[in-house]
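Topology and contacts: notes
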Amino acid sequence: MKVKVQTLDAKAGGDIQLDDAVFGVDPRADILHRVVTWQLLNRRGTARGARERSDVARTGKKFGRQKGGGTARHGDRRAPIFIGGGKAHGPRVREFTASLNKKIRALGLKMALSAKAQGGQLVVLDNLDMGEDAKTKALKAKLGKLGFGKTALVIDGDALNVGFARASSNLEGVNLMPAVGANVYDIMRHETLVLTRAAVEKLEARFNG
């Protein structure tokens, strides 16, 4: 698959040949759904449990007489009605983790990249270098000419361009990440996927390496 490369100034930057094994896979909704569900499930933190009566470190010795004391007949200080006692019917520890086959995860990422490429929502940039004009106002004007849409995920190579990262940090709907962080959920939830030449090389090497 051959795609035109642009610069940040909306000028032609040549062509690039995308690997069909990475960008030419037929997307399947069930695979994408499985990977996204796996991602979101593993993002959830562990639900913290409360200490119940059996978990509290307090004495179990009977502290009062059974009768004649003028108070209720308690067995120990672990009861929920006492300060420091165990919680009655408290929340339990819950783990929200799931496993997914590595081949399925890799296939899901290929399908997400292919869906953007085949749907015309993939933009390839030569690089993200803005020179001395690395300002938010200047970048907003350039992105307006490129027509990224409401939301855009920009993926660079190993290291992020510092000037572009600073200029885009205040732009709503523009997110930047290195190629190693590319994932199905972030790709699918953005309207446009923007890759640099370096990002294309890293993603193809990731699957063909």
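Residues numbered from 1 in each chain as written. Predicted model: local features only at pLDDT ≥ 70, side-chain atom pairs only at ≥ 80, totals over all residues. Heavy atoms only, no water.

1. A few points about the overall build of the chain
Broken down by element type, the chain carries seven helices and six strands. For the chain, the α and β elements follow one another from N to C terminus as β-β-α-α-α-β-α-β-α-β-α-β-α. A compact globule built from 209 residues should have a C-alpha radius of gyration of about 17 Å, whereas the chain, at 28 Å, is more than 25% larger. Taking the principal axes of its C-alpha atoms as reference, the chain extends roughly 95 × 40 × 25 Å. Here the chain holds 209 residues, and 34% of them are scored as buried. (Helix = DSSP H or I, 4+ residues; strand = E, 2+ residues; numbered from the N terminus. Rg over C-alpha atoms; globule rule 2.2 N^0.38 Å. Buried < 20%, exposed > 50% of the residue type's maximum accessible area, 1.4 Å probe, protein only.)

2. A look at the packing of helix α2 (residues 29-43) against helix α3 (residues 102-118)
In the contact formed by α2 and α3, the axes pass within 9 Å of each other and the chain directions differ by 115 degrees. Looking at the two axes, α2 sits roughly perpendicular to α3. In this structure, α2 meets α3 at a crossing whose hand is left-handed. Residues Ile-31, Leu-32, Arg-34, Val-35 and Trp-38 of α2 lie in contact with α3, whose contacting residues are Ile-104, Arg-105, Leu-107, Gly-108, Met-111 and Ala-112. Of the residues in the contact of α2 with α3, the class split is eight nonpolar, one polar and two charged. (Axes fitted to C-alpha atoms, helices over the stretch in contact; angles between N-to-C directions. Parallel < 35°, antiparallel > 145°, perpendicular 65-115°, else oblique. Left-handed = near helix turned anticlockwise from the far one by under 90°. Contact = heavy atoms within 4.5 Å. Nonpolar A, V, L, I, M, F, W, Y, C, P; charged D, E, K, R; others polar.)

3. A look at the domain arrangement of the chain
Split into domains, the chain comes out as domain 1 (2-37 + 101-208) and domain 2 (46-94). Here the C-alpha centre of domain 2 lies 56 Å away from the C-alpha centre of domain 1. (Domains from an automatic or database assignment.)

4. Observations concerning α3
Look at α3: 24 Å from first C-alpha to last across 17 residues, which is about the 24 Å you get at 1.5 Å a residue. Every buried residue of α3 is accounted for by Ile-104, Gly-108, Leu-109, Met-111, Ala-112, Leu-113, Ser-114, Lys-116 and Ala-117. Residues of α3 that are buried sit in contact with α1 (20-23), α2, β3 (122-125), α6 (184-189), β6 (192-196) and α7 (197-208). Residue Asn-101 occupies the N-cap position of α3, its side-chain oxygen lying 2.8 Å from the main-chain nitrogen of Lys-103. (Expected span 1.5 Å × (residues − 1). Polar contact = N/O pair within 3.5 Å; in protein donor to acceptor, adjacent residues only side chain to side chain.)

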